[in-house]
Amino acid sequence: MKMIASGSDLKAARKARGLNQTELGKLVGCGRHTVSYWECKPTLKQFGACGAMCRVLGVHVPSRLEMSRHSDTQQEALDRRWQAELQRIRQAEERRKATQRVVCGANTRIGRPCRALSEPGKQRCRFHGGMSTGPKTEAGRRRIGEAQKRRWAAYRERQKTGEV
């Protein structure tokens, strides 16, 4: 006899025998809803309808004494399963955050919050979250200052000639 401990194990045993819930219920003398109820339980009992289903399917629900004998290996298996599930959840959350788009909310020139969506995984939109365009070095500051002087000189020249 195979030992089972949970409703999902009971469901797997039922499906392995090729029975649906209604058929198993008729064999045991209960309804489909009772079969469904026990298949959703995290732990099973050795008596009542659950015990009858286990006898029909040829499986055994371990007693507390039997569970305590195997508890270390079962606990290790549960720990591994939980660790794997936690890792999967963390990875899913990281993927979601990497592609999440939120409302920017930066103040616009007229003083209202920006309603554009952010870039994926960022907090600001493409208009408010870019890198600074100002000069980074002293040489860059000098180069920009000279370019501005040339532009102002050209503007003043155009004003004198009346082109502006």
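Before any of the text, the structure's been laid out above.
Peer 1: An account of the environment of Asn20 is requested, with residue identities and associated values reported.
Peer 2: Looking at the element boundaries, Asn20 is found in the loop between helix H1 (7–16) and helix H2 (21–28). Its relative accessible area of 37% is what places Asn20 among the partly exposed residues. Here the alpha-carbon distance between Asn20 and Arg32, two residues 12 residues apart in the chain, equals 8.7 Å. At 2.7 Å, the side chain of Asn20 forms a polar contact with the backbone nitrogen of Glu23.

Peer 1: Explain the nonpolar core to me, and be specific about the residues and the numbers.
Peer 2: Counting 14 residues, the largest nonpolar core has Ile4, Leu10, Leu44, Cys54 and Leu57 as the members making the most contacts within it. The element best represented in this core is helix H4 (residues 48–57), accounting for four residues. Leave out the neighbours within four places in its chain, and Leu10 touches Ile4, Trp38, Glu39, Leu44, Met53, Cys54 and Leu57.

Peer 1: Tell me what's going on with the packing of helix H3 (residues 32–39) against H4, and back it up with residues and numbers.
Peer 2: Two quantities define a packed helix pair, namely the angle between the helix axes and the distance between the axes. With their axes 10 Å apart at the nearest point, H3 and H4 run at an angle of 90° to one another. With respect to their mutual orientation, H3 and H4 come out roughly perpendicular. Residues Thr34, Val35 and Trp38 of H3 form the contact with H4, whose own contacting residues are Ala49, Cys50 and Met53. Classifying every residue of the contact of H3 with H4 by side-chain character gives five nonpolar, one polar and no charged.

Peer 1: Explain the pattern of salt bridges to me, and be specific about the residues and the numbers.
Peer 2: This model, assessed by the stated rule, comprises four salt bridges. Linking Arg88 and Glu85 is a salt bridge whose minimum nitrogen-to-oxygen distance equals 2.6 Å. Of this pair, Arg88 and Glu85 both sit in helix H6 (residues 71–99), three residues apart, which is roughly one turn of that helix. For Arg88, a relative accessible area of 45% corresponds to the partly exposed category. Note on Glu85: relative accessible area 31%, which makes it partly exposed.

Peer 1: Summarise the packing of aromatic side chains; cite the residues concerned and give the values.
Peer 2: Scanning the model with the defined rule gives two aromatic pairs in all. Aromatic side chains Tyr37 and Trp38 sit 5.3 Å apart centroid to centroid with 85° between the ring planes, which places their arrangement in the edge-to-face category. Given the relative accessible area of 44%, Tyr37 is considered partly exposed. Summarising the aromatic geometry, the rings of Trp152 and Tyr155 are spaced 5.6 Å apart at their centres and angled 90° between planes, so their arrangement reads as edge-to-face. Taken together, the residues span about one helical turn, with Trp152 and Tyr155 both in helix H7 (residues 138–161) at a distance of three residues.

Peer 1: Please give an account of the packing of H1 against H3 that cites residues and values.
Peer 2: At a minimum axis separation of 7 Å, H1 and H3 run at an interaxial angle of 125°. Between H1 and H3, the angle falls in the class oblique. Residues Gly7, Ser8, Leu10, Lys11 and Arg14 of H1 touch H3, and the partners they reach there are Val35, Trp38 and Glu39. Of the residues assigned to the contact of H1 with H3, the class counts are three nonpolar, two polar and three charged.

Thresholds applied
Residues numbered from 1 in each chain as written. Predicted model: local features only at pLDDT ≥ 70, side-chain atom pairs only at ≥ 80, totals over all residues. Heavy atoms only, no water. Helix = DSSP H or I, 4+ residues; strand = E, 2+ residues; numbered from the N terminus. Buried < 20%, exposed > 50% of the residue type's maximum accessible area, 1.4 Å probe, protein only. Polar contact = N/O pair within 3.5 Å; in protein donor to acceptor, adjacent residues only side chain to side chain. Core = buried A, V, L, I, M, F, W, Y, C linked by side-chain atoms within 4.5 Å. Contact = heavy atoms within 4.5 Å. Axes fitted to C-alpha atoms, helices over the stretch in contact; angles between N-to-C directions. Parallel < 35°, antiparallel > 145°, perpendicular 65-115°, else oblique. Nonpolar A, V, L, I, M, F, W, Y, C, P; charged D, E, K, R; others polar. Salt bridge = Lys/Arg side-chain N within 4 Å of Asp/Glu carboxyl O. Phe/Tyr/Trp six-rings, centres within 6.5 Å; stacked < 30°, edge-to-face > 60°.

Read these as spatial facts, not as claims about activity.
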